[in-house]
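Per-entry structural report
Listed below are the residues making up each chain.
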Amino acid sequence: MDEDDLRTLVVRELTLAPSATWRVRWILHLNFLDRVREAEGESLPQREWLRVHAHRIRSDLWSATAELVGRDVLARATRRACMIDCAFEWHLERYAGPAMSHGGGYVADIYQSFLWKIREDGLLGRMQPNVDSFVAEDFERHEARLLEELGWNSGEPVDAVADPVVAGVTEKLERRLGQVVLWERTRATPRAFHSLHDIPWDGWGSFHAQWRDQVIVAASKLLGRQATARDVVQLAVDGRAGELSWWHADLPCPHPSPAVCVLMPFFGGELWRLGYVAPVLQQRSFVGPLGDTVDLVALADRAGRGLPYGLELGGPLTERDRDEDSRRLAAESLAAGDPTGWFERLYAESETGEAIVPWDSQTPHPLLVEWLPSESGSGSGLGSGSGAEIGPGTGVGRRALVVGCGLGDDAEYVSRFGFDTVAFDVSESAVRLAQERFPGSRVEYRAADLLAPPGEWRQAFDLVVEIMTVQALPEHLHARAVASIADFVGPGGTLLVIASAREEGGPVFAPPWPLTPSEIASFATEGLVADRIEDLRDPERHRCRATFHRPAAREEDRGSVSEENRKGVSEENRSGVSDENRGSVSGEDRGIPPL
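Residues numbered from 1 in each chain as written. Predicted model: local features only at pLDDT ≥ 70, side-chain atom pairs only at ≥ 80, totals over all residues. Heavy atoms only, no water.

Judged by nonpolar contacts, the single largest core of 83 residues is most densely connected at L263, F267 and L271. The greatest single-element share of this core, amounting to 12 residues, is contributed by helix α4 (residues 71–103). If we ignore the near neighbours within four places in the chain, the residues touching L263 are V232, V233, A236, A300, A303 and G304. Of all hydrophobic cores here, the second largest spans 31 residues; its members include L451, A486, A501 and C544. (Core = buried A, V, L, I, M, F, W, Y, C linked by side-chain atoms within 4.5 Å. Buried < 20%, exposed > 50% of the residue type's maximum accessible area, 1.4 Å probe, protein only. Helix = DSSP H or I, 4+ residues; strand = E, 2+ residues; numbered from the N terminus. Contact = heavy atoms within 4.5 Å.)

Take a nonpolar patch on the surface next. On the surface, L6, V10, L14, V165 and V166 cluster together into a nonpolar patch covering about 390 Å² of accessible area. Locating V166 in the fold gives a position in the loop between α7 (141–150) and α8 (171–186). The class of V166 is partly exposed, set by a relative accessible area of 37%. (Patch = residues over 30% accessible without salt bridge, like charges linked within 9 Å, V, L, I, M, F, W, Y side chains within 5 Å. Areas by Shrake-Rupley, 256 points an atom, 1.4 Å probe, with all protein chains shown as cover. Salt bridge = Lys/Arg side-chain N within 4 Å of Asp/Glu carboxyl O.)

Glancing now at the packing of aromatic side chains. Within the structure shown, the criterion is met by 21 aromatic pairs. Measuring from centroid to centroid gives 5.0 Å for F88 and F114, while their planes differ by 75°, and the two rings are edge-to-face. In this pair, F88 sits in helix α4 while F114 sits in helix α5 (residues 110–120), placing the two residues 26 residues apart along the sequence. Given the relative accessible area of 21%, F88 is considered partly exposed. Note on F114: relative accessible area 7%, which makes it buried. Here F424 and F488 contribute two aromatic rings whose centre-to-centre distance is 6.2 Å and whose plane-to-plane angle is 80°, an arrangement assigned as edge-to-face. Residue F424 is located in strand β8 (residues 420–425), and its partner F488 is located in the loop between α18 (478–486) and β11 (489–500); the two are separated by 64 residues in the primary sequence. This pair shows no difference in class: F424 is buried, exactly as F488 is. Taken together, the aromatic side chains of W90, Y95, W204, F207, W211, W246 and W247 make up a single cluster linked through ring pairs. Above the face of the W152 ring, R79 is positioned so that its terminal group lies 4.9 Å from the ring centre. (Phe/Tyr/Trp six-rings, centres within 6.5 Å; stacked < 30°, edge-to-face > 60°. Lys NZ or Arg CZ within 6 Å of the ring centre and 35° of its normal.)

To continue, consider the pairing of β11. Burial within β11 is extensive, with 10 of its 12 residues counted as buried. Where strand β10 (residues 461–467) and β11 come together, six bridges link them in parallel fashion. Paired with I467 across the strands is I498, a residue of β11. In this fold, the crossover linking β10 to β11 by way of α18 has right-handed handedness. Bridge count between β11 and strand β13 (residues 542–549): seven bridges; the pairing is antiparallel. Of the residues in β13, the one forming a bridge with T494 is H549. (Pairing = 2+ DSSP bridges. Right-handed = clockwise from strand over helix to strand, strands pointing away.)

Before going further, it helps to spend a moment on unusual backbone geometry. Positioned with a positive phi, Q459 is a non-glycine residue whose angle comes to about 50°. When you line up the elements, Q459 lands in the loop between β9 (444–447) and β10. Residue classification places Q459 among the buried positions, given a relative accessible area of 15%.

Scanning the model with the defined rule gives 32 salt bridges in all. A salt bridge links R76 to D5; the shortest N-O distance between them is 2.9 Å. In this pair, R76 sits in helix α4 while D5 sits in helix α1 (residues 3–19), placing the two residues 71 residues apart along the sequence. By relative accessible area, R76 is classed as partly exposed at 35%. For R545, the salt bridge is made with E370, and the minimal N-O distance between the two is 2.7 Å. Taken as a pair, R545 in strand β13 and E370 in helix α15 (residues 366–371) lie far apart in primary sequence, 175 residues in all. The network of salt bridges with shared partners includes D325, R328, E332, R345 and E349.

Attention now moves to the packing of α1 against helix α3 (residues 47–69). In contact at an axis separation of 9 Å, α1 and α3 are set at 130° when each is read in the N-to-C sense. In terms of orientation, α1 and α3 fall into the oblique class. Our pair here, α1 against α3, has a crossing hand that is right-handed. Across the interface between the two elements, T8, V11, R12, T15 and L16 of α1 pack against L61, W62, A64, T65, L68 and V69 of α3. (Axes fitted to C-alpha atoms, helices over the stretch in contact; angles between N-to-C directions. Parallel < 35°, antiparallel > 145°, perpendicular 65-115°, else oblique. Left-handed = near helix turned anticlockwise from the far one by under 90°.)

Time to look at the state of the cysteines. A full pass over the atoms with the stated rule returns zero disulfides. Not engaged in a disulfide, the cysteine C253 finds its nearest cysteine sulfur in C261; these two sulfurs lie 3.2 Å apart. The class of C253 is buried, set by a relative accessible area of 5%. (Disulfide = S-S within 2.5 Å.)

Further remarks concern the environment of C82. Within the fold, C82 resides in helix α4. With 46 residues separating them along the chain, C82 and Q128 place their C-alpha atoms 9.8 Å apart.

Another aspect to go through is α7. Counting along an α-helix, one turn takes 3.6 residues, and residues three or four places apart therefore face a common direction. Taken residue by residue, α7 has H142, E143, L146, L147 and L150 as its buried positions. Viewed end-on, α7 has its buried residues packed into an arc of 140°, placing them on one side of the element. Structural note: α7 exposes R141 and E148 on the side pointing more than 90 degrees away from its buried face. The first or second residue beyond α7 is G151, which carries a positive phi of 110°. (Arc of directions from axis to C-beta.)

Glancing now at the pairing of β8. Burial of β8 is extensive: five of the six residues sit out of reach of the surface. Sheet analysis places strand β7 (residues 399–403) next to β8, joined by four bridges and oriented parallel. Bridging from a neighbouring strand, V402 pairs with A423 of β8. Crossover connection from β7 via helix α16 (residues 409–415) to parallel β8: handedness right-handed. One ladder, built from four bridges, connects β8 with β9; its direction is parallel. Paired with D425 across the bridge in β9 is A447.

Spatially, β9-β8-β7-β10-β11-β13-β12 is the arrangement adopted by the seven strands of the open sheet, whose pairing is mixed. Looking along the sheet, the strands with just one partner apiece sit at the ends: β9 and β12 (529–537). Along the sheet, successive strands turn relative to each other by an average axial angle of 15°, direction set aside. The sheet strands contacting helix α17 (residues 428–437) are β8 and β9, and the helix crosses β9 at an angle near 165°. Seen against the sheet, α18 touches β7, β10 and β11 and runs at an angle of roughly 140° to β11.

Let us look at the packing of α3 against α7. At their nearest, the axes of α3 and α7 sit 10 Å apart, and the two run at 20° to each other. When the axis of α3 is compared with that of α7, the two are roughly parallel. Two packed elements cross with a definite hand, and for α3 against α7 that hand is right-handed. In contact with E48, R51, V52, H55, R58, S59 and W62 of α3, α7 contributes R141, H142, E143, R145, L146, L147, E149 and L150. Residue composition of the contact of α3 with α7, grouped by class: five nonpolar, three polar and seven charged. (Nonpolar A, V, L, I, M, F, W, Y, C, P; charged D, E, K, R; others polar.)

Put into structure tokens, the structure is as follows:
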């Protein structure tokens with residue numbers, strides 16, 4: 001507060017002192033206590049009497065103060081004091097309260113952290129719309145009328161002052177404030193002290209889990225059954241987030257809507273689980289392992305408006321994250337300028353138990369199984385354009401290529417249909433492990449580079465299966481990978497693409513880098529024609545399944561694909577992965593929660 005504001009509040013208190021008889025003080029005190037009881041649903045026969053007399057006492061006090069300092073000055077100072085009071089209360093609930101529960105002692109930088117939020121983070125400006133709404137809609141009617149009589153100017157901006165009277169406090173006073181707050185909230189004897197910045201990031205992540213659980217409990221009460229994260233999202237979309245009763249709903253906050261308030265713990269917890277971090281005092285600006293940034297408020301607002309948000313919510317935040325190893329290795333590899341080298345490290349470390357391959361489900365991808373059913377019958381996959389039946393003998397006499405085969409589950413499934421199947425991966429360890437997992441397999445497993453594939457694979461296959469491979473590469477490599485995959489498809493052949501998807505310009509929590517509609521459509525290159533593009537989505541997952549084909553060659557052109565290419569690859573081309581261009585691996589969602 002500046003000097004004028006502080007002087008006005010001091011004059012107001014000094015004006016109260018001479019008239020503050022025992023009776024007046026008790027009326028004001030009892031009125032305050034009863035407002036709390038009223039909010040909790042308790043009744044009191046003398047309530048209206050208390051309200052009327054408390055209103056008269058305070059109205060007289062403010063009139064006397066206004067005669068000394070001016071009504072406009074008093075109104076401005078009162079408005080700023082109210083904003084600061086609400087902002088400080090929120091700051092205590094959001095930061096100091098959790099910090100005290102975490103460390104067991106008092107927080108020794110409550111004032112300095114609050115001052116930073118005011119000066120650097122625009123807290124007052126973000127609080128102002130919600131405080132105005134609170135006064136207009138939720139204030140006790142006598143209190144609201146009192147502010148109206150004073151001249152409460154709803155909508156008037158309240159910004160941080162450039163030269164506050166108290167720009168800082170001594171270390172002794174700061175600690176004393178922390179002790180008082182601890183005593184008022186817990187009645188605990190002040191012990192050790194700590195700073196908000198002393199709390200590890202894992203500790204803040206656990207707070208998100210606690211708040212998420214509180215919202216789930218509130219949603220369960222509202223719905224009359226056990227609620228899920230999706231239920232909370234739907235309540236937010238339906239405009240019912242404000243009906244949820246949890247600590248955040250009891251006071252004004254700086255967030256733009258109740259939907260954002262209830263969804264932030266879910267998205268904050270999931271980002272924390274994915275390895276994102278945020279400044280302690282600005283836990284809405286998250287930075288990912290690869291340096292990408294996420295605005296938590298914007299993400300929650302997006303979900304609250306019913307738009308795809310690209311994260312799976314509701315999973316346990318306390319269990320070991322299966323994606324932890326893949327994210328760690330990916331970040332290290334990308335930092336070293338090698339966008340795919342981490343796949344070999346991941347598979348190699350999985351052998352020794354040092355890492356988990358999170359997409360190793362030991363089953364073929366369900367969207368592949370749905371497209372290419374294992375039992376004979378009419379299908380929507382290979383040959384669907386001609387109405388051909390798909391069954392165990394569909395691929396006899398035909399060749400198939402599985403891109404980024406990982407540990408081989410998809411390749412083995414394709415092979416069941418009689419295809420002469422080749423499967424490749426950038427990781428030599430993955431290829432070896434696939435061969436060990438399926439001894440005696442008919443599949444030819446190869447180590448090869450998607451960005452520099454063997455030349456004899458050009459237009460050499462009747463079926464090409466690409467599942468979650470391109471998305472594992474950084475975006476600047478997508479076009480090269482797409483062109484390589486399209487060029488594998490022979491005349492009359494089919495390409496199946498299954499990928500995590502996102503809207504143009506939609507959020508990315510890399511890795512992976514989900515494909516946009518334009519990227520999916522770009523598989524129709526190198527002479528391919530799109531057959532069907534399926535947009536498969538729910539609030540948490542957005543995927544695409546698309547098929548493309550290359551028109552059959554005219555009779556006079558059928559010699560363009562050499563017999564050598566159709567039969568296989570020469571022994572001297574069975575090389576490993578180039579150091580310069582590494583491809584990618586496949587598998588269920590790459591171990592990263594899909595969009």
